[in-house]
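Here is what each chain is made of, one letter per residue.
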Amino acid sequence: MANKLASRRWAIPVLLSIPAAAGALWLANSRPQSAVAGPPAAKYAVPLSSFPRSTVPANGRKIHFKKTVLDTKFRSEGVAVGDFNHDGKLDIAAGPVYYTAPDWKMHSMEEKVSEYDPHNYSHAFLCWADDLNGDGWTDLIVVGFPGEAVYWYENPKGAPGPWPKHFIAPVANNESPAYVDVDGNGHRSLLMGVAESSKNPNGPERCMAILRPDPADPTKPWKIQRISKPGGPGADQFWHGLGIGSIRGNGRNDIVIHTGWFESPAESNADEPWKFHPADFGPNCAQMYVFDINGDGRNDVLSSSAHEYGIWWHEQTADGWKTHEIDHSFSQTHSLVVADIAGDGLPGFVTGKRWWAHGPALPPHGDPGSNEPSVLYWYELQRKDSHADFIRHEIDDHSGVGTQFQVIDVNGDGLLDIVVSNKHGVFLFEQERD
């Protein structure tokens, strides 16, 4: 079953019969919520063109993926892609270890190579590659276990020994911190919950915040702009779900969590919290995305279920929010990336199962379906008359996702590839077409 393309159509918002092999019918559920006023035509603070996109349209050609196993050890639940050895080829980092293209030899940024027990947790939940000090060499941000401190590793420019490690903040709360361009100025910032000390990450002073490096000295602790009231939603140690986008369609990035959204002010003031609007965007989720899913001119919200079953999109209507179920066939969709795999200009998404998210035991210690196959899928978006259809394509059934992964053109052929690190190991899926 692995590496074969399988397609199933999930119709939204109408009832659709799935092939008999699926053994089920799927109905898009609707839950009206309070209305959100805004202009009828949405602007994109995160434009659709900024989502990863294959630059070569598929034009009806079948898409499949070549699977390469870089490692079978549990190194990290997050992954980043960057040219770490400065040879012009993209490499892959799984926490503080990285694999150099094209032979994928492993190197460590620390004295000891990190390896974790799949029955437990790692101390590398998310990571991002970026040149943080402007020296032309790619560095790495690593977010550890929720509630722990967050650091970045400075590329030593080929010098031997461990990479210098720099402190960013004492606490990284929320299980889905993001490294995104919140301000719309081309510079990325960390978006996450913060607290004063990792000894008490759920202290009363915890809040949602934007963290930016000091341009004069990025090795210093990053500057913190608190955007919620102390103890506000989204900032708990094990909170799930976070994303950005323009809910109101005014070109400014709001911040979404699964219980609502923070409204970005016209002029950001570090001393004032952003207004919070309660909304029901589903259960504990992972990365959340804001964009116009059905093409009606209003930005919608995409979310999943981190530890149960379900993927949904939440339609913004003139009367409020309406929730549509996309898929309910597998559990633990603890990470998600919006991307245009087919290169047709419509952003679908990639997700899968985070195998053994809470260990292999059955509930109450594990998650529902924790021992089911760790599948990996991409969902192709199609629109017609303000309706949205998602076609599910199977990529693999023995890898899944972690808590964060990357969709990017690794080999430079214009086609988006998928890079994953989790309790099964580290994997590269290169897109190919018939």
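Note that the structure is predicted; figures quoted are calculated from it, not measured. (Residues numbered from 1 in each chain as written. Predicted model: local features only at pLDDT ≥ 70, side-chain atom pairs only at ≥ 80, totals over all residues. Heavy atoms only, no water.)

With that settled, the discussion passes to the sheet that holds strand β9 (residues 126-130). Strands sit in the order β9-β10-β11-β12 across an open sheet of 4 strands; the sheet is antiparallel. Edge positions in the sheet fall to β9 and β12 (165-169), since each has one partner strand and no second. Each adjacent strand pair in this sheet contributes to an overall mean axis angle of 25°, direction not counted. Bridge count between strand β11 (residues 150-153) and β12: 4 bridges; the pairing is antiparallel. Within β12, the position partnered with Trp152 by the bridge is His166. (Pairing = 2+ DSSP bridges. Helix = DSSP H or I, 4+ residues; strand = E, 2+ residues; numbered from the N terminus. Axes fitted to C-alpha atoms, helices over the stretch in contact; angles between N-to-C directions.)

With that settled, consider the pairing of strand β23 (residues 309-317). Of all 9 residues that make up β23, 8 are buried, and the element is covered over most of its length. Linkage of strand β22 (residues 300-304) to β23, two consecutive antiparallel strands, is achieved through a turn of 4 residues. With 8 bridges joining them, β23 and strand β24 (residues 320-331) adopt antiparallel strand pairing. By the bridge assignment for β24, His314 is matched with Thr323. Between β23 and the antiparallel strand that follows it, β24, lie 2 residues. (Buried < 20%, exposed > 50% of the residue type's maximum accessible area, 1.4 Å probe, protein only.)

Throughout the structure, instances matching the rule amount to 15 salt bridges. Two residues, Lys165 and Glu110, come together in a salt bridge whose shortest N-O distance is 3.8 Å. Taken together, the residues span a long stretch of sequence, with Lys165 in strand β12 and Glu110 in the loop between β8 (105-108) and β9 at a distance of 55 residues. According to the relative accessible area criterion, Glu110 is partly exposed, its value standing at 27%. Between Arg188 and Asp130 there is a salt bridge whose closest N-O contact spans 3.6 Å. One end of the pair, Arg188, is in the loop between β13 (173-180) and β14 (189-194); the other, Asp130, is in strand β9, and 58 residues separate them in sequence. Of the residues examined, Arg188 reaches a relative accessible area of 34% and is grouped as partly exposed. Taken together, the shared-partner salt bridges in this structure form one network comprising Asp71, Lys73, Arg75 and Glu115. (Salt bridge = Lys/Arg side-chain N within 4 Å of Asp/Glu carboxyl O.)

We now examine the pairing of strand β31 (residues 425-433). Within β31, 8 of the 9 residues are buried, which leaves the element mostly enclosed by the surrounding structure. Pairing analysis gives 8 bridges linking strand β4 (residues 63-71) to β31, with the strands arranged antiparallel. Considered in β31, the bridge of His64 is made with Glu432.

On to unusual backbone geometry, then. Here Ala101 and Pro102 are connected by a cis peptide whose omega angle stands at 5°. When you line up the elements, Pro102 lands in the loop between β7 (97-100) and β8. Although it is not a glycine, His86 adopts a positive phi angle of roughly 65°. Positionally, His86 belongs in the loop between β5 (80-82) and β6 (91-94). The backbone of Gln332 sits at a positive phi, close to 60°, despite the residue not being glycine. Classification of Gln332 as buried rests on a relative accessible area of 0%.

Tracing the sequence through the fold places Gln316 in strand β23. For Gln316 and Ile247, which are 69 residues apart along the polypeptide, the C-alpha to C-alpha distance reads 8.6 Å. Of the polar contacts made by the side chain of Gln316, one reaches the backbone oxygen of Asn299; its length is 2.6 Å. (Polar contact = N/O pair within 3.5 Å; in protein donor to acceptor, adjacent residues only side chain to side chain.)

Note that Val81 resides in strand β5. For Val81 and Tyr99, which are 18 residues apart along the polypeptide, the C-alpha to C-alpha distance reads 9.7 Å. Setting aside its immediate chain neighbours within four residues, Val81 contacts Leu90, Asp91, Ile92, Ala129, Gln406, Ile408 and Val419. (Contact = heavy atoms within 4.5 Å.)

What follows is about the nonpolar core. Of all hydrophobic cores here, the largest spans 50 residues; its most connected members are Ile92, Leu302, Phe349, Phe405, Val407 and Ile418. The element contributing the most residues to this core is strand β27 (residues 376-384), with 5 residues. Those residues in contact with Ile92 that sit more than four places away from it in its chain are Leu70, Val79, Ala80, Val81, Phe84, Val97, Tyr98, Tyr99, Trp104, Val419, Val426 and Leu428. Among the nonpolar cores identified, the runner-up in size contains 19 residues, and Trp128, Trp152, Ile168 and Ala209 belong to it. (Core = buried A, V, L, I, M, F, W, Y, C linked by side-chain atoms within 4.5 Å.)

A separate point is the environment of Glu196. By the element assignment, Glu196 lies in the loop between β14 and β15 (207-212). For the pair Glu196 and Ala169, spaced 27 residues apart in sequence, the C-alpha separation works out to 8.9 Å. Not counting residues within four places of it along the chain, the set of residues in contact with Glu196 comprises Pro170, Glu205 and Arg226.

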